[in-house]
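# Overview (structure and organization)
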Amino acid sequence: MERKALLIIIPAYNEEKNLEAFLKQLYQTKIRQIADILIVDDASLDDTGKIARRMGCIVVTHIYNMGYGSGLQVGYKYAVEKGYDYVIQMDGDGQHDACNAELLYEKLKEGQSDIILGSRFLKGSRAYPISAVKKTAYVLFRFLIRVGTGRRIMDPTTGLQAMNRRVFSFYAGFNHFDDQYPDANMLMQMLLLGYQVAEVPSVMHERTEGVSMHSGFKPVIYMFRMMFSILAVWVRVRMFHMDAGRADGTIIP
């Protein structure tokens with residue numbers, strides 16, 4: 001079977017109520033003809049893995065629950081090993097509409113950016129309700145990234161991202177990726193290292209089934225953890241010049 005250029009990575013934990021519907025939606029787009037789909041089953045206790053196999057996906061199963069970031073990094077390592085040129089990461093909970101994949105892929109193939117973010121907060125994006133805590137977090141993360149890099153990123157926590165081989169090869173390396181909450185901290189890192197990041201409007205939906213990893217008091221804990229992680233990334237790259245020269249660009253002076 002001929003290898004496709006694009007790999008779609010979907011980390012999933014206990015998503016049996018959402019995954020099948022999402023995959024059916026994805027298969028109705030042109031993306032099925034140009035992409036392989038990898039489900040990283042993070043030791044789900046339900047039929048997530050079984051559904052993914054039945055739907056014809058490539059499945060990697062964790063024996064222990066390792067977290068969202070670890071699931072993504074496994075996908076990056078798989079993409080490197082199998083020689084894919086591009087990666088799109090999406091969530092299996094139905095929040096990322098399947099229509100986003102084609103737009104991200106076409107934008108990435110233009111070659112002007114290394115990372116394309118699917119943003120909920122650009123003109124043309126579908127309206128998306130968010131809580132007061134999350135609004136506070138977005139404002140804080142935008143501010144930190146703007147001060148640290150000079151770039152304004154409207155949706156610094158989006159999990160809907162497309163990237164070229166140079167990016168996911170870097171992420172696959174040891175200590176280059178947050179294995180728990182890879183969000184605004186990773187954008188700070190990649191911008192400081194000179195990678196080109198762009199945003200496009202996206203269509204997202206609210207979760208209707210299952211439990212979010214940001215439920216309960218977790219968003220508050222996440223906000224403080226991410227704030228310190230962003231600052232730590234800035235210190236590591238800007239002050240100690242760690243991983244400098246990894247991209248064609250240079251560290252922001």
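Residues numbered from 1 in each chain as written. Predicted model: local features only at pLDDT ≥ 70, side-chain atom pairs only at ≥ 80, totals over all residues. Heavy atoms only, no water.

The next point concerns the overall build of the chain. Each helix and strand counted, the chain has 9 helices and 7 strands in total. In terms of C-alpha radius of gyration, the chain reaches 17 Å, essentially the compact-globule figure of 18 Å for 253 residues. C-alpha atoms of the chain, sized along the principal axes, occupy 50 × 40 × 40 Å. The buried share of the chain, taken over its 253 residues, is 53%. The long-range fraction of contacts in the chain, counting pairs at least 24 apart against all pairs at least 6 apart in sequence, stands at 77%. Put simply, the chain shows about 12100 Å² of open surface, and 55% of that area lies on carbon and sulfur atoms. One finds the centroid of the 30 positive side-chain charges in the chain at a distance of 4 Å from the centroid of its 27 negative side-chain charges. (Helix = DSSP H or I, 4+ residues; strand = E, 2+ residues; numbered from the N terminus. Rg over C-alpha atoms; globule rule 2.2 N^0.38 Å. Buried < 20%, exposed > 50% of the residue type's maximum accessible area, 1.4 Å probe, protein only. Contact = heavy atoms within 4.5 Å. Areas by Shrake-Rupley, 256 points an atom, 1.4 Å probe, with all protein chains shown as cover. Lys, Arg positive; Asp, Glu negative; His and termini not counted. Charge placed at Lys NZ, Arg CZ, Asp CG, Glu CD.)

This part is about the confidence of the model for the chain. Per-residue confidence for the chain gives a mean pLDDT of 91; residues scoring 70 or more make up 92%. Here residues 248-253 scores under 50 on pLDDT; set against residues more than four positions off or in separate chains, the count is 16 contacts. (pLDDT = per-residue confidence, 0-100.)

What follows concerns a nonpolar patch on the surface. Residues Val133, Val220, Phe224, Phe228 and Leu231 make up a contiguous nonpolar surface patch of about 430 Å² in total accessible area. Counting residues per element, the nonpolar patch draws most heavily on helix H9 (residues 218-239), which supplies 4 residues. According to the relative accessible area criterion, Phe228 is exposed, its value standing at 53%. (Patch = residues over 30% accessible without salt bridge, like charges linked within 9 Å, V, L, I, M, F, W, Y side chains within 5 Å. Salt bridge = Lys/Arg side-chain N within 4 Å of Asp/Glu carboxyl O.)

On a regular strand, one side chain projects to one face of the sheet and the next to the other, so that they alternate. Taking burial as the measure, the 7 residues of strand E2 (residues 35-41) include 7 buried ones, the bulk of the element. Burial along E2 is two-sided: the face carrying Ala35, Ile37, Ile39 and Asp41 and the face carrying Asp36, Leu38 and Val40 are both buried. Inspection of the sheet shows strand E1 (residues 6-12) paired to E2 by 7 bridges, in the parallel sense. Bridge pairing links Ala12 to Asp41 in E2. Relative to strand E3 (residues 58-61), E2 runs parallel, the two being bridged by 4 bridges. (Pairing = 2+ DSSP bridges.)

So, on to the pattern of salt bridges. Enumeration according to the criterion identifies 9 salt bridges in this entry. Residue Lys24 pairs with Glu20 through a salt bridge whose shortest N-O separation is 3.5 Å. Placement of both Lys24 and Glu20 in helix H1 (residues 19-27) is noted, with a separation of 4 residues, approximately one turn of the helix. For Glu20, a relative accessible area of 24% translates into the label partly exposed. The residue Asp178 makes a salt bridge to Arg225 at a minimum N-O spacing of 3.2 Å. Here Asp178, found in the loop between helix H7 (165-171) and helix H8 (184-192), pairs with Arg225, found in helix H9; they are 47 residues apart in sequence, far enough to count as distant. In this structure Asp178 comes out as buried when scored by relative accessible area, which is 11%. Residue class for Arg225 comes out partly exposed when judged on its relative accessible area of 35%. If you follow the salt bridges from partner to partner, you end up with Glu20, Lys24 and Arg54 in one network.

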